[in-house]
Amino acid sequence: MRIVALLSWYAERAATLASCIDGIAAVGADHIVAVDGPYEGFPDTTPRSSPDQYEILHISAEAHGLPLTL
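Fair warning: this is a prediction, and the values are worked out from it, not measured in the lab.

**Structural notes on the packing of helix H1 (residues 14-26) against helix H2 (residues 51-63)**
Part 1: Where H1 meets H2, the axes come as close as 9 Å, and the angle between the chain directions of the two elements is 30 degrees. It follows from the interaxial angle that H1 and H2 lie roughly parallel. Between H1 and H2 the crossing geometry is right-handed. Contacts between H1 and H2 involve Ala14, Leu17, Ala18 and Ile21 on the former and, on the latter, Gln53, Ile56, Leu57, Ser60 and Ala61.
Part 2: Of the residues contributing to the contact of H1 with H2, the split by class is 7 nonpolar, 2 polar and no charged.

Have a look at this one:
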């Protein structure tokens, strides 16, 4: 059985994202699908998070040997 984890996020702190990836790895997930973007109605938002957040997700997933789909 494969475990695919879904991470829905928007404009999070880097430490929070890294901690999420650590937790996903700890439960034995085989793959991560990360979806970025604000929910409808968020005030004063951009359509996506900063590039730094994408980078921390890549670095953290790679550190655990987890494939990541953004």
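There is more to say, and it comes next.
**What to know about unusual backbone geometry**
Part 1: Backbone geometry places Ala11, a non-glycine residue, at a positive phi of 50 degrees.
Part 2: With respect to the helices and strands, Ala11 occurs in the loop between strand E1 (4-9) and H1.
Part 3: Ala11 sits in the partly exposed class, given a relative accessible area of 49%.

Criteria and thresholds
- Residues numbered from 1 in each chain as written.
- Predicted model: local features only at pLDDT ≥ 70, side-chain atom pairs only at ≥ 80, totals over all residues.
- Heavy atoms only, no water.
- Axes fitted to C-alpha atoms, helices over the stretch in contact; angles between N-to-C directions.
- Helix = DSSP H or I, 4+ residues; strand = E, 2+ residues; numbered from the N terminus.
- Parallel < 35°, antiparallel > 145°, perpendicular 65-115°, else oblique.
- Left-handed = near helix turned anticlockwise from the far one by under 90°.
- Contact = heavy atoms within 4.5 Å.
- Nonpolar A, V, L, I, M, F, W, Y, C, P; charged D, E, K, R; others polar.
- Buried < 20%, exposed > 50% of the residue type's maximum accessible area, 1.4 Å probe, protein only.

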